[in-house]
Every structure is written in structure tokens, then in C-alpha cells.
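# Understanding the architecture of this molecule
Chain by chain, the residues run as shown.
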Amino acid sequence: MSSVNAETGLKGRRSSLLSLRRRPDLIYFALAIFDILTISAALLLNHVVTTGFEDSVRISRQWSIHLGKLLELQSLAQQVDAPGNDVFFSRDVAGERARLDQAVSHFNASSNGLVADLTGDVEQEAPPWLLEAISSSQALMRTIINQTDGILAEMAHDRVDEAGRGMAKMDQTYGRMR
């Protein structure tokens, strides 16, 4: 019986091979399915890569905006530092105080806005060292403001030597800012 089963099994295989030879459309159909699967896989891979690239560009754009705000903050820090130096040339204590108050207001608004942007960005967390550097700059800026107030007070009383010493301390503090 086993030989009969073997013979019918061989005949079945032969007949299926013959039917494939007689039906080449099945081979073409299988190749078409393979082509469609290959194209679909390529399109999926292209979509994944393109989406990743778009996300990278968006994050890069956000960080370039943050960098622009950091550069603006540096410029505002220079403006806060300037009245303590410029008062020696202008001798206009009231005018330099007004410039200081305006520069401090702009610096604080920009600094607080930058921190809010960095901590509010859900997609990309700000590195802790950057937030620490901004916090350190804010603390140094408060010291510079106090030193500038002292310089302006000394200049208001025409104590130029004491104001000069205060200016040297203020410039040293400004030099420690990153």
C-alpha cells in the first residue's frame, strides 16, 4: 500500500508541475505580488526616513531660534553693563540710570522668556547645563545691576575714584558671565 501511495504522490506532484507549466499566469501573478511587496516596503522605508528628517529639521529650527534668543540675551547683558561704564564719559547720572532701568527690563523679559521657552518645549527637553548657565547669568546680572547702582550713586556725589573701583568690580563680574 505504501508503494501505491508513493506512486500516487509522485503522480500528484507531476500533475501539479505540469499544471504550473500550462498556467504561466500563476508565475507572473506571484512575481507581480513580489514586486508590489517590494515597492510597498520601499515606500514605507522612504516615509519613515522622510518623517525622521522632517522631525530633525523642525527640532533644528527650534534650537536655532533658541540660539538667536541666547545671542540677543548676550547683547542685552552688554546693554546692562554699559551705563556703569558710560557714566564716566557722559557724567549724566539720571540719563544712565534711565538707560540701565530700560536695559534691565529688556534683559529680564528676554531671559524669562527664554527660560519659559526652554522649559515649555515638550518635544525637546533643554539640557540642564543650559538652564544652569542662564540661571547663573541671571544671578551675575543682579550683581552687575547692584554694582552699577553703586557706581551711579558714587558719581552722583562726584566720588569718581570710588566709582572707578566699583566699575572695575562690575567689569570683573561681567567677565565671569558665559
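Up top you'll find the structure we're talking about.
Please read all numbers here as calculations on a predicted model, not as lab measurements.

### A few points about the pattern of salt bridges
This structure, assessed with the given rule, holds 7 salt bridges. Residues K69 and D117 are paired through a salt bridge, measuring 2.1 Å at the closest nitrogen-oxygen approach. Of this pair, K69 sits in helix α2 (residues 24–90) while D117 is found in helix α3 (residues 93–120), placing the two residues 48 residues apart along the sequence. Three or more residues are tied together by salt bridges with common partners; here these are D86, E96 and R99.

### Section: α2
End to end, α2 covers 97 Å across 67 residues, agreeing with the expected 99 Å (1.5 Å per residue, within 8%). The largest bend in α2 is about 35°, located at A82, with the proline P83 one to four residues further on. Of the residues making up α2, those classed as buried are H66, L73, L76, A77, V80, D81, A82, P83, G84, N85, V87 and F88. Looking at the buried residues of α2, the elements they touch are α3, α4 (128–156) and α5 (160–175). One or two positions beyond α2, positive phi appears at R91, with a value near 60°.

### A closer look at the environment of G175
Examined against the element boundaries, G175 turns out to sit in helix α5. Expressed as a C-alpha distance, the spacing of G175 and L140, which sit 35 residues apart in the sequence, is 9.8 Å.

### Thoughts on the side chain of N85
Residue placement: N85 occurs in helix α2. The contact partners of N85, leaving out residues within four places of it in the chain, are M167, M170 and D171.

### Structural notes on α5
The terminal C-alpha atoms of α5, which comprises 16 residues, lie 22 Å apart, in line with the 22 Å expected from a rise of 1.5 Å per residue. Residues A163, G166, M170 and T173 constitute the buried set of α5. One face of α5 carries all of its buried residues, which in axial projection span an arc of 75°. Facing away from the buried side of α5 by over 90 degrees, the exposed positions are D161, R165, Q172 and G175. At its buried positions, α5 is contacted by α2 and α4.

### Quick word on unusual backbone geometry
Residues other than glycine seldom take positive phi values, yet R91 does so here, at roughly 60°. Relative to the assigned elements, R91 resides in the loop between α2 and α3. Taking relative accessible area as the criterion, R91 reaches 49% and is therefore assigned partly exposed. Phi is positive for D158, which is not a glycine, with a value near 60°. By relative accessible area, D158 is classed as exposed at 59%.

### Section: the packing of α2 against α3
It is the contact of α2 with α3, at a shortest axis distance of 9 Å, that shows an interaxial angle of 165°. Between α2 and α3, the interaxial angle falls into the category roughly antiparallel. The interaxial crossing formed by α2 with α3 has left-handed handedness. Of the residues that constitute the contact of α2 with α3, the class distribution is 16 nonpolar, 6 polar and 6 charged.

### Some points on the side chain of E96
Along the chain, E96 falls in helix α3. On the basis of relative accessible area, E96 is assigned to the buried category, the value being 5%. Here the side chain of E96 touches S90 through a polar contact of 3.0 Å, side chain to side chain. If sequence neighbours within four positions are ignored, E96 has contacts with P83, D86, V87, S90 and L152.

The rules behind these values
Residues numbered from 1 in each chain as written. Predicted model: local features only at pLDDT ≥ 70, side-chain atom pairs only at ≥ 80, totals over all residues. Heavy atoms only, no water. Salt bridge = Lys/Arg side-chain N within 4 Å of Asp/Glu carboxyl O. Helix = DSSP H or I, 4+ residues; strand = E, 2+ residues; numbered from the N terminus. Expected span 1.5 Å × (residues − 1). Bend = angle between axes of the 7 residues up to and from the residue. Buried < 20%, exposed > 50% of the residue type's maximum accessible area, 1.4 Å probe, protein only. Contact = heavy atoms within 4.5 Å. Arc of directions from axis to C-beta. Axes fitted to C-alpha atoms, helices over the stretch in contact; angles between N-to-C directions. Parallel < 35°, antiparallel > 145°, perpendicular 65-115°, else oblique. Left-handed = near helix turned anticlockwise from the far one by under 90°. Nonpolar A, V, L, I, M, F, W, Y, C, P; charged D, E, K, R; others polar. Polar contact = N/O pair within 3.5 Å; in protein donor to acceptor, adjacent residues only side chain to side chain.

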